[in-house]
Amino acid sequence: MFKNLGNIAGMMQQAQQVGQEMKAVQEELRNKRVKGTAGAGMVEAICTGHGQLVSITIDPKLIEDGDKDLIEELIPQAVNDAQAKGKELHQEMMQSVTSGLNVPGLDQALSQFGQ
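Residues numbered from 1 in each chain as written. Predicted model: local features only at pLDDT ≥ 70, side-chain atom pairs only at ≥ 80, totals over all residues. Heavy atoms only, no water.

Here we look at helix α3 (residues 68–98)
Okay, step 1: In this model, α3 (31 residues) spans 46 Å end to end at C-alpha, consistent with the 45 Å of a helix rising 1.5 Å per residue.
Okay, step 2: Along α3, the residues classified as buried are I71, L74, A78, V79, A82, G86, L89, H90, M93, M94, V97 and T98. (Helix = DSSP H or I, 4+ residues; strand = E, 2+ residues; numbered from the N terminus. Expected span 1.5 Å × (residues − 1). Buried < 20%, exposed > 50% of the residue type's maximum accessible area, 1.4 Å probe, protein only.)

Here it is as structure tokens:
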């Protein structure tokens, strides 16, 4: 009746360790930076690994040309590119924490976590 208690204790210890590792990954993602670009690099967006926008850089020539419509088009493209890269980084880092765990549906649940 009690022969599986060792397995439960081991699973609890493993879950606690994974939880600690996930906290560390979350902190690391907060400090990591990814760069997205648009317009052949004329606009660059920097985001954290969580997808939070940190900065935008616009090529001075683009501003000098005064093409407001083009600038307004390129900024969201650069931000979206950076956020997509942040999401990829987030998924990769989370998968590195959970590799080796055999929990059905865990990968799918973690992919939703980063959204």
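The discussion continues.
What to know about the UniProt feature "coiled-coil region" (unreviewed entry) in the protein chain
Okay, step 1: Sequence positions flagged by UniProt for "coiled-coil region" (unreviewed entry) are, in local numbering, residues 8–35.
Okay, step 2: The span residues 8–35 is 86% helical and 11% strand by assignment, and the distance between its end C-alpha atoms comes to 43 Å. (UniProt positions renumbered as here; feature names shortened; annotations may be inferred.)

Examining the pattern of salt bridges
Okay, step 1: The final tally for this structure, using the stated rule, is six salt bridges.
Okay, step 2: D65 is the partner of K61 in a salt bridge, and the nearest nitrogen-oxygen pair spans 3.6 Å. Residue K61 and its partner D65 are located together in helix α2 (residues 60–65), separated by four residues, close to a single helical turn. Taken as a pair, K61 and D65 share a single burial class, namely exposed.
Okay, step 3: For E72, the salt bridge goes to K68, with nearest N and O atoms at 2.6 Å. Of this pair, E72 and K68 both sit in helix α3, four residues apart, roughly one helical turn.
Okay, step 4: You can call E72 partly exposed: its relative accessible area is 43%. (Salt bridge = Lys/Arg side-chain N within 4 Å of Asp/Glu carboxyl O.)

Remarks on the sheet that holds strand β3 (residues 53–58)
Within a sheet, adjacent strands bond to each other through the backbone by hydrogen bonds, running parallel or antiparallel.
Okay, step 1: Taken in spatial order, the three strands line up as β1-β2-β3 in an open sheet, and their pairing is antiparallel. Only two strands of the sheet have a single neighbouring strand rather than two, namely β1 (33–38) and β3. Mean inter-strand twist for the sheet, computed between neighbouring axes without regard to direction, equals 20°.
Okay, step 2: Alignment of β1 against strand β2 (residues 43–48), held across six bridges, turns out to be antiparallel. (Pairing = 2+ DSSP bridges. Axes fitted to C-alpha atoms, helices over the stretch in contact; angles between N-to-C directions.)

Observations concerning the pairing of β3
Okay, step 1: By the bridge criterion, five bridges tie β2 to β3 in an arrangement that is antiparallel. Counterpart to I46 in the pairing with β3 is S55.
Okay, step 2: Where β2 hands over to β3, the hairpin turn is made up of four residues, of which G51 adopts a positive phi near 90°.

Some points on the pairing of β1
Okay, step 1: Here β1 shows a buried face lined by V34, G36 and A38 and an unburied face lined by R33, K35 and T37.
Okay, step 2: Hairpin remark: β1 followed by β2, antiparallel, with four residues in the connecting loop; positive phi at G39, about 60°.

Details of unusual backbone geometry
Okay, step 1: Even without a glycine there, the phi angle at A40 is positive, about 55°.
Okay, step 2: Inspection of the secondary structure assignment puts A40 in the loop between β1 and β2.
Okay, step 3: We classify A40 as exposed; its relative accessible area is 86%.

Considerations on the environment of G36
Okay, step 1: Structurally, G36 is set in strand β1.
Okay, step 2: For G36, a relative accessible area of 0% translates into the label buried.
Okay, step 3: Distance in space between the C-alpha atoms of G36 and D81 is 4.6 Å, their sequence separation being 45 residues.
Okay, step 4: Setting aside anything within four residues of it in sequence, one finds G36 in contact with V43, E44, A45, A78, D81, A82 and K85. (Contact = heavy atoms within 4.5 Å.)

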